[in-house]
Amino acid sequence: MKQEMTQPDAGPRLPGAYWRLWWATGVNSVGDGAFAAVVPLLAVTITRDPRLVSIVSAATYLPWLLLSLPAGALVDRHDRVGLMWRAQAIQAVIVSIIAVLAAFGQVGIPVLAIMAFGLGSCAVVFANAAQAVLPDIVAKPLLHKANGHQQTITTIGLQFAGPPLGSLLFAVAVALPFGMDAASFALSAALLATLPRRARGRIEHPPMRTAIADGLRRLARHRLLRTLALLLGVNTFCWQLGNVALVLLATQTLRVDAPGYGLLLAGAALGSLLGGLVGARVVARTGARPALLTALATNVVVFVGIGLSPNAIVLGVLLAVNGFITTLWSIVTVSLRQQIVPSELLGRVNSVYRMLGWGLMPLGALAGGLVAHAFGLRAPYVVAGVLRGIALLAAMRVLIHAMRD
């Protein structure tokens, strides 16, 4: 078993352990997609104030700022598979509580925010462990392919199948989509528990503070990874700045109903699905640098366009384009980290990278609520697009030269 884990098949076929991870990702993503669609729908039944709606979104991503660094150290010193399935099991319990409270009409903004923070805390551990465990299962030459498949199944569940299903279940009964998400977490945990563990032997781990500092130094000294992490931080801040008002833009400005909102989100899934299916081929044909720069530049234009969308059809098309280029960006950058960072440091470097990349999302959510309240529901995406353009121009020279090297 150890040989299978450390020397997986270098041919075109991915190992069986990977496909169990793939199935777990797919099952979980369907439930998460439903959850992502119905939480803002539930929030707007409680309040129409975009500032209060943004608090729930901010609470979801706040753990990336507060907990990412210690989570990365845990990933590098403990069994990664065990961390993954236990995190999913805890999330199943949290969402089950939300389902019960929703069934009895006891959910308010404070309850949603607290539960969102708990789910986000588990997600920090799970996501760091999931990216770090993949090179233990898949050979480096197959990482683009494996990450492409992961992006594809995540897109199908999170954006294509989950949101319309969640919206339809929400229309039947508020608690139903939350119950489905709880079941998906439980099934995913069961599948993950069957993954083989990598034998690491007896390792003398440094103190937690030293371990975290090692990850910080590794990222700080790598020019390309440092630049990508900072650029991701600006981009996710801007994504959340715009996205926090999306449900209000769709339902109030463009007059989309609840099932229609789920279908609108599925438009983004079409692009993401295509990106997951062909992204590895695009990177192989064009190279990582052109694929990355094209995706980033296109995203600037798309964000401004989303804010100016005259109707739901145009909005859906632009969300689809955004889904494709975001998936392409993810395939390039995730595979890059997995290829150049040693396995024993990957959890910590990933945690620093994602703390920088995702840590500003709570601020982006709060900023989006304030911008929408002050300037209207179209303004957040336009402001976000301009900010992304400025950040790309600032990082362009480093990306061109560092990726060439």
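Before reading further, recall that the structure is shown in the block above.
None of these values were measured; they are calculated from a predicted model.

S.K.: So, the packing of helix 10 (residues 223–243) against helix 16 (residues 361–375): which residues are in play, and what are the values?
M.R.: Between two packed helices, both the angle of their axes relative to each other and the distance between the axes serve to describe the pair. Running from N to C, helix 10 and helix 16 point in directions that differ by 35°, and their axes come no closer than 7 Å. Note that helix 10 runs across helix 16; the crossing there is right-handed. In this structure, helix 10 contributes Thr 236, Phe 237, Trp 239, Gln 240 and Leu 241 to the contact, and helix 16 contributes Met 361, Leu 363, Gly 364, Ala 365, Ala 367 and Gly 368. Among the residues making up the contact of helix 10 with helix 16, the classes are represented as 7 nonpolar, 4 polar and no charged.

S.K.: Which residues make up the nonpolar core, and what values go with them?
M.R.: Counting residues in hydrophobic clusters, the biggest one holds 123 residues, and the most contacted among them are Val 138, Phe 178 and Leu 399. Here this core takes 17 residues from helix 6 (residues 109–137), the largest share from any one element.

S.K.: Outline a nonpolar patch on the surface, listing residues and values.
M.R.: Taken together, Leu 52, Ile 55, Leu 360, Leu 363 and Leu 366 make up a surface patch of nonpolar side chains, about 370 Å² in accessible area. Residue position: Leu 360 is located in the loop between helix 15 (343–358) and helix 16. Taking relative accessible area as the criterion, Leu 360 reaches 35% and is therefore assigned partly exposed.

S.K.: Run through the pattern of salt bridges, naming residues and quoting values.
M.R.: For the coordinates displayed, the defined rule picks out 1 salt bridge. The residue Arg 80 makes a salt bridge to Asp 136 at a minimum N-O spacing of 3.3 Å. Pair noted here: Arg 80 is in helix 5 (residues 80–103) and Asp 136 is in helix 6, with a separation of 56 residues, a long-range link. Of the two residues, Arg 80 and Asp 136, neither departs from the other in class, the shared state being buried.

Cut-off values and rules
- Residues numbered from 1 in each chain as written.
- Predicted model: local features only at pLDDT ≥ 70, side-chain atom pairs only at ≥ 80, totals over all residues.
- Heavy atoms only, no water.
- Axes fitted to C-alpha atoms, helices over the stretch in contact; angles between N-to-C directions.
- Helix = DSSP H or I, 4+ residues; strand = E, 2+ residues; numbered from the N terminus.
- Left-handed = near helix turned anticlockwise from the far one by under 90°.
- Contact = heavy atoms within 4.5 Å.
- Nonpolar A, V, L, I, M, F, W, Y, C, P; charged D, E, K, R; others polar.
- Core = buried A, V, L, I, M, F, W, Y, C linked by side-chain atoms within 4.5 Å.
- Buried < 20%, exposed > 50% of the residue type's maximum accessible area, 1.4 Å probe, protein only.
- Patch = residues over 30% accessible without salt bridge, like charges linked within 9 Å, V, L, I, M, F, W, Y side chains within 5 Å.
- Areas by Shrake-Rupley, 256 points an atom, 1.4 Å probe, with all protein chains shown as cover.
- Salt bridge = Lys/Arg side-chain N within 4 Å of Asp/Glu carboxyl O.

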